[in-house]
Amino acid sequence: MSDELSVPIKGVLNKLSIKDLDIKGKRLFIRVDFNVPLDENHNITDDRRIRSALATINYAIDEGAKVILASHVGRPKGKPDHRFSLSSVARRLQRLIKKDVTFLPECTGPNTESAVSRMSDGDIVLLENLRFNIEEERNDEQFSRALAGLADYYINDAFGAAHRNHASVVGITKFLPSAAGFLLQKEIEYLQGVINHPVRPFVAILGGAKVSGKIDVIRNLEDKVDKVIVGGGMAYTFLKAMGFNVGDSLVEQNMLEFANDIRKGVIAKGIKFYLPVDCVIAQSIEAGAETKLVTSQEIPNGWKAVDIGPASVKLFSEALESAKTILWNGPMGVFEVDAFSRGTFSVAHSVADAYALTIVGGGDTDLAVSRAGVSESISFISTGGGAALELLEGKDLPGLVALTDK
Ligand code: AMP
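My aim in this report is to walk through the structure given alongside it, one point at a time. (Residues numbered from 1 in each chain as written. Predicted model: local features only at pLDDT ≥ 70, side-chain atom pairs only at ≥ 80, totals over all residues. Heavy atoms only, no water.)

1. Overview of the site of the ligand
Then, number 1: Neighbouring the ligand are 14 residues; Ala 209, Lys 214, Gly 233, Ala 305 and Glu 336 lie closest to it.
Then, number 2: In the model, an oxygen atom of the ligand is placed 3.1 Å from a nitrogen or oxygen of the Lys 214 side chain.
Then, number 3: Between an oxygen atom of the ligand and a side-chain N or O atom of Glu 336, the distance comes to 2.4 Å.
Then, number 4: Compared with its free state, where it exposes 500 Å², the ligand has 79% of that area covered by protein.
Then, number 5: Among the cavities detected, the one that contains the ligand is the second largest pocket.
Then, number 6: Grouping the constituent residues of the shell around the ligand by class yields 6 nonpolar, 5 polar and 3 charged. (Near = heavy atom within 4 Å. Polar contact = N/O pair within 3.5 Å; in protein donor to acceptor, adjacent residues only side chain to side chain. Areas by Shrake-Rupley, 256 points an atom, 1.4 Å probe, with all protein chains shown as cover. 1 Å grid on protein atoms, 1.4 Å probe; cavity = no way out; pocket = protein on both sides within 12 Å on 5 of 7 lines; lining within 4 Å. Sits in = over half its atoms within 2 Å of the grid points. Nonpolar A, V, L, I, M, F, W, Y, C, P; charged D, E, K, R; others polar.)

Here is the structure:
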């Protein structure tokens with residue numbers, strides 16, 4: 001990718017940034033997204049989300065602020081549950097940032113207040129999982145006020161939670177001057193930039209399970225893209241709607257008519273629309289299941305498409321060759337099973353090799369590029385699944401709207 005293309009496209013963030021605040025000696029409540037995957041022994045299996053927040057945390061420390069970090073992890077249902085404790089995140093953060101991180105077992109209350117009042121400039125504390133409090137997801141005013149009471153300023157650096165109307169994302173902003181951290185800004189700049197001012201030709205690759213999950217993305221991009229490539233489970237609703245037999249492949253019956261309308265509408269606008277021409281089929285989605293390679297028009301009953309085939313990979317890769325901007329959301333097949341991952345990984349390599357600004361956002365696509373070993377060659381990988389999807393659908397993110405205007 002050329003340097004010229006790697007420059008982030010300027011977004012339209014008209015909100016306060018952490019850089020606009022004089023934070024020396026101030027207490028900053030930084031909402032981060034440390035919602036990392038944990039295995040059964042409570043080990044962090046991927047710490048990318050922690051590493052993505054380091055720029056903001058390091059800046060705050062270097063400027064002499066007192067840093068209070070807060071996040072959720074998992075879905076603990078509003079009460080303490082040690083399986084979702086952030087204690088191991090505190091240890092990992094400490095190792096990554098090479099500074100002491102004090103873990104506080106409660107988000108609010110006298111013990112937390114007293115620990116925060118004893119902080120010196122440059123100190124870091126991490127609060128326990130926000131979602132151990134039922135009030136967090138209810139956007140409770142009292143709880144928001146109590147969180148705000150810990151700090152002088154609020155910083156949102158949790159792009160992955162910015163689509164949530166929760167106390168630590170929205171409620172708290174009523175009580176404190178509120179600004180965006182660097183990760184949030186970068187996410188918005190890239191994703192909004194690609195939607196509003198893509199360098200063309202602009203190609204969108206959409207995959208994943210269902211058409212219904214991506215409809216609004218297609219609609220929102222309709223007037224900006226030059227090519228749309230559809231793979232993954234959602235492709236078979238389109239193919240069935242065109243009259244092909246797709247066997248037992250994933251099909252959303254109630255979307256058939258809609259899929260045809262979308263395809264025809266997109267083509268009528270002069271946009272090229274690509275579907276898989278061949279696919280790998282299996283009788284069950286299990287490792288070790290027998291597979292066959294067939295054309296997309298010939299999927300027998302009793303078999304389902306689980307991956308795109310080599311002719312589709314070639315077709316899609318050729319379609320990417322002239323692209324200057326590529327947005328990819330959703331895998332091409334059931335890539336979690338090794339035998340069905342080849343199509344997704346091949347497309348990941350084609351995206352990575354493209355001479356284009358490449359953006360991977362939403363769903364499991366970040367995991368797919370990481371497993372394909374090409375993360376380093378992608379211009380930008382969004383940290384927010386649901387939030388990225390909502391932004392690509394053209395929706396406002398409550399966590400962003402709530403920040404203080406410039
Ligand atoms: P999404 O969250 O909508 O991006 O969907 C991601 C999921 O789609 C992954 O877990 C894939 O296993 C699944 N997926 C991709 N292709 C297929 C397919 N052909 N049939 C069923 N599921 C699929």
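2. Quick look at unusual backbone geometry
Then, number 1: Following Arg 200, the chain continues into Pro 201 via a peptide bond in cis, with omega recorded as 5 degrees.
Then, number 2: For Pro 201, the position within the fold is in the loop between α8 (182-196) and β7 (202-206).
Then, number 3: Positive phi, normally seen in glycine, also occurs at His 42, with a value near 70 degrees.
Then, number 4: Position of His 42 among the secondary structure elements: in the loop between β1 (27-31) and α2 (48-52).
Then, number 5: In this structure His 42 comes out as buried when scored by relative accessible area, which is 18%.
Then, number 6: Here the phi dihedral of Lys 77 falls at roughly 65 degrees; this positive angle occurs in a residue that is not glycine. (Helix = DSSP H or I, 4+ residues; strand = E, 2+ residues; numbered from the N terminus. Buried < 20%, exposed > 50% of the residue type's maximum accessible area, 1.4 Å probe, protein only.)

3. Examining helix α5 (residues 110-117)
Then, number 1: Residues of α5 that are buried include every one of Thr 112, Ala 115 and Val 116, and no others. Buried residues of α5, viewed axially, fall in a sector of 100 degrees; they line one side. For α5, the exposed residues set more than 90 degrees away from the buried face come down to Pro 110 and Ser 117.
Then, number 2: Close packing links the buried residues of α5 with β1, β2 (66-70), β3 (102-104) and β4 (124-127). (Arc of directions from axis to C-beta. Contact = heavy atoms within 4.5 Å.)

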